[in-house]
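Topology and contacts: notes
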Amino acid sequence: MLILTSLCTWAQSGLIISLKNGQTMKFESSSVESITFDPETSPMPEGPSIGDFYYSDGTWSTELDKSKTPIAVVFYVGNPSVDDEKMRTEHPECTHGLAIALNEKTVSWHEKYETYGTDKTVSDWLTANGYPAVKSTKDDNAPVNKCVGYTYTQYLNAFNEAPDNTQWPVTAMTALASYRSAVPTPATSSGWYIGSGREMVLACFGDIEGNITTMGRQDPKVRDLLNGRFELLQPSDVTLFDTTGYSYWTCNEYGVETEGMWIDRAWNVYFMLDRVAVSGSFKSWGEYVGIRPILAF
């Protein structure tokens, strides 16, 4: 407990406290004996801002706190579970925003999809075993257009954990499991997951109105802001976003059956300006593409 036993000389006319609800409280200097700040009852810190550092203890700050371990940077502020009922149920405390990992893994989405079978998808197995499909069309309300990465990552994990899929796991999920082991997350977060198309677009371009599959070329303003924040960290601790053509997988399998070869693809998001951002690419593609885990907090 800190006690100030004297008042500042400028407070001759009294002490005025402005409250967040717009009201003010005034105390005459002559009536104030001391001012006490109790750290145990101090107000909660302000809400996060895009670009804030997110730490391993579940806190965040705009200025880098070198006494803590940063594990991510905030790229979206708001309740991330609006579209994700499972997240709302399992992590009701995660209403502040989304943060993206400091590092990434270059990897294919499903390296052995041909061995698994070129006439079926991961979604086929999921629906046959009582889970929702992870494939997405281009419709306005389709999964690729929603923040549902937390739940859909769990569905992909169910595929990988099934004994009958040990020979052809979803490679992106194997990489995610490795990242989870290397970089633990606080209990107050959702834990690492693979973002949906909408979530990865937020991490690069910001809040795009309407259907992201038709958004075309946009300014990667959030990507550039995040890179500026990454540059404040030790180079050995972080991977800056590539600006020349790197792409990130989503948790969404491609589901546009009328376009041909759809069964071989998954949705990915290019973190760059000079091409269409949201695309369906071959699941076995493993060059200049990978995962960048995110979490809700």
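Here the residue index of a chain counts from 1 through its sequence in written order. The predicted origin of the model limits local features to residues at a pLDDT of at least 70 and limits the giving and counting of side-chain atom pairs to 80 or more, whereas totals for whole chains, interfaces and linings rest on all residues. Each side-chain value is worked out from all heavy atoms of the structure, with water and hydrogens disregarded.

**Overview of the layout of surface pockets**
- Both site types are read off a 1 Å grid over the protein atoms alone. A 1.4 Å probe that fits but cannot get out defines a cavity, while an open set with protein on both sides within 12 Å along at least five of seven lines defines a pocket; lining residues have an atom within 4 Å of a point. Grid points are joined across faces, edges and corners, and a volume is the space filled by probe spheres set on the points. By volume, the largest pocket is sized at about 280 Å³.
- In this structure, the largest pocket is lined by 15 residues; those nearest its centre are Pro70, Leu102, Leu233, Gln234 and Asp237.
- Charged residues are taken to be Asp, Glu, Lys and Arg, nonpolar residues to be Ala, Val, Leu, Ile, Met, Phe, Trp, Tyr, Cys and Pro, and polar residues to be all remaining types, Gly included. Taken together, the residues of the lining of the largest pocket break down into eight nonpolar, three polar and four charged.
- Taken as a whole, the second largest pocket holds about 170 Å³ of empty space.
- As for the second largest pocket, its lining consists of Tyr76, Asn79, Pro80, Val82, Asp83, Cys147, Arg198, Leu202, Asp207 and Ile208.
- Residues that form the lining of the second largest pocket fall into these classes: six nonpolar, one polar and three charged.

**Here's the deal with the packing of aromatic side chains**
- Note on aromatic pairs: the rings of Phe, Tyr and Trp (six-membered ring only in Trp) are paired at centre separations within 6.5 Å, and the planes decide the class, stacked below 30 degrees, edge-to-face beyond 60, tilted for the rest. Under the defined criterion, the tally for this structure stands at 18 aromatic pairs.
- Residues phenylalanine 230 and phenylalanine 241 carry aromatic rings whose centres are separated by 5.4 Å and whose planes lie at 50° to one another, so their mutual orientation is tilted. With phenylalanine 230 in helix α7 (residues 221-230) and phenylalanine 241 in the loop between α7 and β11 (247-254), this pair connects stretches of sequence that are eleven residues apart.
- Judged by centre distance (5.2 Å) and plane angle (45°), the rings of phenylalanine 241 and phenylalanine 271 are tilted. Taken together, the residues span a long stretch of sequence, with phenylalanine 241 in the loop between α7 and β11 and phenylalanine 271 in the loop between β12 (265-270) and β13 (278-282) at a distance of 30 residues. Elements are defined by DSSP. Helices are runs of H or I of four residues or more, strands are runs of E of two residues or more, and each kind is numbered from the N terminus.

**Observations concerning unusual backbone geometry**
- With phi around 60°, methionine 261 is a residue other than glycine that occupies positive phi space.
- If you trace the backbone, methionine 261 turns up in the loop between β11 and β12.
- Despite not being glycine, tyrosine 288 shows a phi value in the positive range, around 60°.

**Quick look at α7**
- For every residue, the accessible area (1.4 Å probe, protein chains only) is compared with the maximum for its type, and the residue is labelled buried under 20%, exposed over 50%, or partly exposed between those bounds. Turning to α7, its buried residues are Val222, Arg223, Leu226, Asn227, Arg229 and Phe230. One side of α7 carries all its buried residues, which in axial view fall inside an arc of 160°. Here the arc refers to the directions that run from the helix axis out to each C-beta atom.

**Examining the packing of helix α6 (residues 197-204) against α7**
- Between N-to-C directions, angles cover 0 to 180 degrees, with each direction set by a line fitted to C-alpha atoms, over the stretch in contact for helices. Taken N-terminus to C-terminus, the directions of α6 and α7 make an angle of 60°; their axes are 5 Å apart at the nearest point. Here α6 is positioned oblique relative to α7, judged by the angle of their axes. Here α6 contributes Leu202, Ala203 and Cys204 to the contact with α7, which in turn contributes Lys221, Val222, Arg223 and Leu226. Small angles under 35 degrees read as roughly parallel and large ones over 145 as roughly antiparallel, with 65 to 115 read as roughly perpendicular and the rest as oblique. It only takes one pair of heavy atoms within 4.5 Å for two residues to be counted as in contact.

**As for the pairing of β11**
- Counting buried residues along β11, eight of its eight residues qualify, which places the element largely inside the surrounding structure.
- Pairing between strands is defined by DSSP: at least two bridges between the two strands are required. Judged from the two bridges that link them, strand β10 (residues 135-136) and β11 form a sheet pairing that is parallel. Paired with lysine 135 across the bridge in β11 is glutamate 253.
- Relative to strand β14 (residues 289-291), β11 runs parallel, the two being bridged by two bridges. Note on β14: the bridge partner recorded for serine 247 is valine 289.

**Comments concerning a nonpolar patch on the surface**
- Taken together, the side chains of Ile50, Val77 and Leu225 present a nonpolar region at the surface, about 220 Å² in accessible area.
- Counting through the fold element by element, isoleucine 50 comes out in the loop between β4 (35-37) and β5 (53-55).
- Residue classification places isoleucine 50 among the partly exposed residues on the basis of a relative accessible area of 40%. Two joining distances apply to patches: 9 Å for like charges and 5 Å for nonpolar side chains (Val, Leu, Ile, Met, Phe, Trp, Tyr), and every residue must have over 30% relative accessible area and no salt bridge. Throughout, the Shrake-Rupley method with a 1.4 Å probe supplies accessible areas, and for residues the shown protein chains are the sole cover considered. Just to be clear on terms, a salt bridge is a Lys or Arg side-chain nitrogen sitting within 4 Å of an Asp or Glu carboxyl oxygen.

**Remarks on the pattern of salt bridges**
- Taken as a whole and assessed by the stated rule, the structure comprises seven salt bridges.
- Linking aspartate 224 and arginine 223 is a salt bridge whose minimum nitrogen-to-oxygen distance equals 2.7 Å.
- Using a relative accessible area of 37% as the deciding quantity, one classes aspartate 224 as partly exposed.
- A relative accessible area of 7% places arginine 223 in the buried class.
- Of the charged contacts in the structure, one is a salt bridge between glutamate 253 and lysine 283, with a shortest N-O distance of 2.7 Å. Here glutamate 253, found in strand β11, pairs with lysine 283, found in the loop between β13 and β14; they are 30 residues apart in sequence, far enough to count as distant. Both residues of the pair, glutamate 253 and lysine 283, count as buried.

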